[in-house]
Amino acid sequence: MARVTDAQDDFDDSVALAARMDATRMDLEVLTVRPLSSTMVRVELTGDALRSLAYVPGQDLMLTATTGPPVERRRWTIRSLDRERGVVALDVVLHRDGGASRLHLAAAGEVVEAIGPRGKVHLDEDARVHHFLGDQSFLPAAFVLAEAVRRPARAAVTLTVPGPDDRLPLAAPACAEGPVWVEAQGDDQATGLALLAASGLGEHEDGVVAYVGGEMTLASTIRSALVRDHGWPREAVLPKPYWRRGTANARHGEPGRD
Ligand SMILES: Cc1cc2nc3c(=O)[nH]c(=O)nc-3n(C[C@H](O)[C@H](O)[C@H](O)COP(=O)(O)OP(=O)(O)OC[C@H]3O[C@@H](n4cnc5c(N)ncnc54)[C@H](O)[C@@H]3O)c2cc1C
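Residues numbered from 1 in each chain as written. Predicted model: local features only at pLDDT ≥ 70, side-chain atom pairs only at ≥ 80, totals over all residues. Heavy atoms only, no water.

## Things to note about the packing of aromatic side chains
- Evaluation of the coordinates by the stated rule reveals two aromatic pairs.
- Centre to centre, the rings of Phe-132 and Tyr-211 are 4.7 Å apart; their planes meet at 20°, and the pair counts as stacked. Here the residue Phe-132 occupies a position in strand β8 (residues 129-134), and Tyr-211 occupies one in strand β11 (residues 208-215), the gap between them amounting to 79 residues. Summarising the burial analysis for this pair, Phe-132 and Tyr-211 share the class buried.
- Aromatic side chains Phe-138 and Tyr-242 sit 6.0 Å apart centroid to centroid with 65° between the ring planes, which places their arrangement in the edge-to-face category. Residue Phe-138 is found in the loop between β8 and α2 (139-148), and its partner Tyr-242 is found in strand β12 (residues 237-243); the two are separated by 104 residues along the sequence.
- Taking the relative accessible area as the measure of exposure, Tyr-242 reaches 22% and is therefore partly exposed. (Phe/Tyr/Trp six-rings, centres within 6.5 Å; stacked < 30°, edge-to-face > 60°. Helix = DSSP H or I, 4+ residues; strand = E, 2+ residues; numbered from the N terminus. Buried < 20%, exposed > 50% of the residue type's maximum accessible area, 1.4 Å probe, protein only.)

Given below as structure tokens:
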């Protein structure tokens, strides 16, 4: 899939962008926005294009947050897709810092542009143990991926969320014990290390894969600890930075680089 950067000329042209990414451009209508917890809402959107949208668990939609110019886009994991009804659910963190996206405030009937599916992180079908570690923004991906693990393979989910009512239930046969919840520490690095400790991961064993997502420092801390300190092969750690503390994501919906 082509890499998208701000510099590319067609970024504001959604039709050209979708074609370049081999994805579908869709106009989706907001059906409902309802709370899942104090800091997360589920947004359901509908559109005819969803009836035939092909995707794999872990992929996301890129929504237009600001029509611009310049257009600002943001990404959310496909939590579920009901093709019969043409309805997709996105679970969106309500964070205090505001941002370009107003999706969590959308009213029923509003039309939002989406491009998808996007994203390259999906289940490693050869793995026998799948570990998911991250923060609340990674919860939808961790849950949808854990639900997709087929026994006898196992899934283990280790997450940090702001409060007790954010500990959403997970019904995943491969993760019978449910998620392990970890308190946030003083900073993202410390929280990353706390997640790693709670996951029980140490030296690498064959067939074990770690998927890591969320705040950029948190995700890179876990990745480095596994690869550098514990000697994990690079291909056994699948990290994805979702956002960066104190900095808005870039126009293509991913954290900007220095
Ligand atoms: C592939 C992919 C899949 C994603 N899936 C999901 C998903 O399913 N659900 C979900 O909620 N998010 C998900 N995210 C993360 C989401 O896209 C970002 O959090 C994004 O920054 C939100 O846009 P915004 O306009 O609200 O904030 P921005 O304009 O990007 O940022 C504004 C400010 O808010 C802060 N901020 C941004 N996100 C958070 C956060 N989660 N917590 C605290 N502060 C934050 C920033 O540091 C900045 O200071 C995903 C990201 C990617 C790349």
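## Points about the environment of Glu-215
- Relative to the elements of secondary structure, Glu-215 occurs in strand β11.
- Linking Glu-215 and Arg-245, residues 30 residues apart in sequence, is a C-alpha distance of 6.7 Å.
- With residues near it in sequence (within four places) discarded, Glu-215 still touches Asp-135, Asp-188, Trp-243, Arg-244 and Arg-245.
- Within the structure, Glu-215 has its side chain in polar contact with the backbone nitrogen of Leu-218 (distance 3.1 Å).
- Looking at Glu-215, its side chain comes within polar contact range of the main-chain nitrogen of Arg-245, at 2.8 Å. (Contact = heavy atoms within 4.5 Å. Polar contact = N/O pair within 3.5 Å; in protein donor to acceptor, adjacent residues only side chain to side chain.)

## Here we look at the site of the ligand
- Near the ligand there are 25 residues, and of these Arg-75, Val-93, His-95, Arg-244 and Asn-249 occur at the shortest range.
- For the ligand, an oxygen atom lies 3.5 Å from a polar atom in the backbone of Thr-247.
- Measuring from an oxygen atom of the ligand, one finds a backbone N or O atom of Asn-249 at 2.8 Å.
- For the ligand, the protein covers 92% of the area, taking 910 Å² as the surface of the free molecule.
- Contributions of two or more residues to the shell around the ligand are made by β4 (72-77), β6 (87-93) and β12.
- A per-element tally of the shell around the ligand places β4 first, with four residues.
- Here the residues of the shell around the ligand are counted per class, giving eight nonpolar, 10 polar and seven charged.
- Built from parts of two domains, the shell around the ligand gets at least three residues from each of domain 1 (9-118) and domain 2 (129-243). (Near = heavy atom within 4 Å. Areas by Shrake-Rupley, 256 points an atom, 1.4 Å probe, with all protein chains shown as cover. Nonpolar A, V, L, I, M, F, W, Y, C, P; charged D, E, K, R; others polar. Domains from an automatic or database assignment.)

## Some thoughts on unusual backbone geometry
- A cis geometry characterises the amide bond from Gly-68 onward to Pro-69, with omega recorded as 0°.
- With respect to the helices, strands and loops of the structure, Pro-69 is situated in the loop between β3 (60-66) and β4.
- Here the amide bond leading from Arg-151 into Pro-152 is cis, since omega sits at 15°, within 30 degrees of zero.
- Phi at Asp-22 takes a positive value of approximately 55°, unusual for a residue other than glycine.

## Concerning the domain arrangement of the chain
- By the assigned domains, the chain splits into domain 1 (9-118) and domain 2 (129-243).
- The interface of domain 1 with domain 2 comprises 12 residues on the first partner and 15 residues on the second.
- Of the roughly 1100 Å² buried where domain 1 meets domain 2, counting both sides, 59% is carbon and sulfur surface.
- Considering only the side of domain 1, the residues that lose the most area to domain 2 are Pro-57, Thr-77 and Arg-79, jointly responsible for 41% of the buried surface there.
- The interface formed by domain 1 and domain 2 includes one salt bridge.
- Linking Glu-147 and Arg-79 is a salt bridge whose minimum nitrogen-to-oxygen distance equals 2.8 Å.
- Inspection of the domain 1/domain 2 interface yields five residue pairs in polar contact (both at pLDDT 80 or more).
- A per-class count over the side of domain 1 that touches domain 2 returns five nonpolar, five polar and two charged. (Buried area = accessible area lost by both parts, 1.4 Å probe. Salt bridge = Lys/Arg side-chain N within 4 Å of Asp/Glu carboxyl O.)

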